[in-house]
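Listed below are the residues making up each chain.
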Amino acid sequence: MFVLDFVKKTRICYAISSLCEGPTYVLYNIVRYMDFERFVVDIITMTPEKETTIIDDFRKLPLRIHQLATEKPLSPWVMGRLLRKKIQEIEPDIVHVHCPRSRLLSPVIPRRCKTVETVHNYPDLPKVLYGQVQGTAVKWLSTMMTSRMDLVIPCSESIGEKYDEMGIQNTPIPNGCSMPIWSLDVHEKKTLRKELGMADDKIWFLYVGRFSEEKNPDVVINAFENLDSENYGLMMIGNGRMWEELKKHETESIRMPGFTHEVRKYLKATDYFISASDSEGMPNSVLEAMATGVPMMLSDIAPHREVLRKSKEPIGWLYNQKDSVFLSKLIDKVKITPPNFESYSRSI
């Protein structure tokens, strides 16, 4: 005897630029816990993968990945045409966009599909990236596309409030962190410092992110160059268009090893986490620092304020991300009054 399964599976198609960095980790945590008995999942990427890709992790899951561009970037017109053709082939019930590129191309989505957008950053980000004139135009176009979605999901409450002000109905779902909570293990910390070349007699700070203007890595470097290098160390993980120029500032105390998938090791080995970003959604790196029990120095932006506000106990400080002199003073202060490490771990 056998039982026929008459339950129709819902077909979901995710559209994202590539499976590299940022929103990719949010998407991965969505699909890895998907009930594949109820859902059929397809992912469409639109730009070539880079060294930061985690596409192999996605390939281990029971889903299909469709790469519109594997080697060379596509023009917006070709990309839009191929995206529409691929969606028509897949015939999804829902198309869920996860990046500015897929948002701007959303008009090519067939009308019979329900549309969902996860918003990963502030609507004003285009002004930060492209300047006032071009940024204003991109913001207007992006906002119009977002307003046409059937469901808008900001990745933090603070972003949701911005869309409320713009009259766009939304349902915030703050990003989470799948990284296991780590309790301080002094032996492991010391072992990792030796492995990573981090002198054990320094207080270490960790920067994780793109080396780009809106992340202000130069401000962080300037702050450390004003300090006594014998007491402090700065480890900067990531890459980007500013990396090669800032690499010239590298010393024994300011280290820039580039991109790595082993951020967890550096989090366990460091003493503090530092972010100087002008714009974020709900940053994964901050959540991962919290899961590792690392106290934080964060730029004074709404998502960071949201993180600190929701914590059960104090877990860090806010500062003006354009003021390297103040940041130097804040860093120097922790040498005198270090926080209780265990209290930070319990704040999750």
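About the criteria used
Residues numbered from 1 in each chain as written. Predicted model: local features only at pLDDT ≥ 70, side-chain atom pairs only at ≥ 80, totals over all residues. Heavy atoms only, no water. Salt bridge = Lys/Arg side-chain N within 4 Å of Asp/Glu carboxyl O. Buried < 20%, exposed > 50% of the residue type's maximum accessible area, 1.4 Å probe, protein only. Helix = DSSP H or I, 4+ residues; strand = E, 2+ residues; numbered from the N terminus. Contact = heavy atoms within 4.5 Å. Pairing = 2+ DSSP bridges. Axes fitted to C-alpha atoms, helices over the stretch in contact; angles between N-to-C directions. Phe/Tyr/Trp six-rings, centres within 6.5 Å; stacked < 30°, edge-to-face > 60°.

Undergrad: Help me understand the pattern of salt bridges, please; the structure alone is not making it clear to me.
TA: Applying the stated criterion across every chain, the model contains 23 salt bridges. Shared partners join several salt bridges into a network, and the residues in it are K189, R193, D200 and D271.

Undergrad: Hey, could you run me through helix α12 (residues 284–291) in this one?
TA: For the α-helix, the turn length of 3.6 residues means that residues three or four positions removed from each other point alike. Of all eight residues that make up α12, seven are buried, and the element is covered over most of its length. Every buried residue of α12 is accounted for by N284, S285, V286, L287, A289, M290 and A291. Where α12 is buried, its residues contact α1 (23–31), β7 (203–208), α11 (263–269), β10 (272–275), β11 (296–299) and α13 (302–310). Two residues or fewer after α12 comes G293, characterised by a positive phi angle close to 75 degrees.

Undergrad: What is the right way to look at the pairing of strand β9 (residues 254–258) in this model?
TA: For a regular strand, side chains alternate in direction, first toward one face of the sheet and then toward the other. Here β9 shows a buried face lined by I254, M256 and G258 and an unburied face lined by R255 and P257. With three bridges joining them, strand β8 (residues 232–237) and β9 adopt parallel strand pairing. In the strand pairing of β9, M235 is matched with R255.

Undergrad: Looking at this structure, I do not really get the environment of A302. What am I missing?
TA: Note on placement: A302 falls in helix α13. Spatially, the C-alpha atoms of A302 and V116 are 24 Å apart, while their sequence positions differ by 186 residues. With near-sequence residues (within four places) excluded, A302 lies in contact with Y122 and S158.

Undergrad: I'm lost on the sheet that holds β9 in this one. Help?
TA: Paired through their backbone hydrogen bonds, the strands of a sheet run either parallel or antiparallel. In space, the six strands of this open sheet follow the order β9-β8-β7-β10-β11-β12, with parallel pairing throughout. Each edge of the open sheet carries a strand with a single partner, namely β9 and β12 (316–319). Each adjacent strand pair in this sheet contributes to an overall mean axis angle of 20 degrees, direction not counted. Here helix α9 (residues 217–225) sits on the sheet and contacts β7, β8, β9 and β10; the angle it forms with β8, its principal contact strand, is near 165 degrees. Where α13 meets the sheet, it contacts β10, β11 and β12, and its direction lies at approximately 155 degrees from that of β12.

Undergrad: Honestly, the packing of aromatic side chains in this entry has me stumped. Any pointers?
TA: Working definition: an aromatic ring pair is given by the centre-to-centre distance plus the angle between the planes. Taken as a whole and assessed by the stated rule, the structure comprises six aromatic pairs. A centroid spacing of 5.2 Å and a plane angle of 70 degrees characterise the contact between Y28 and F58, whose relative ring orientation is edge-to-face. Residue Y28 is found in helix α1, and its partner F58 is found in helix α2 (residues 55–59); the two are separated by 30 residues along the sequence. For the pair shown, Y28 and F58 are each scored as buried.

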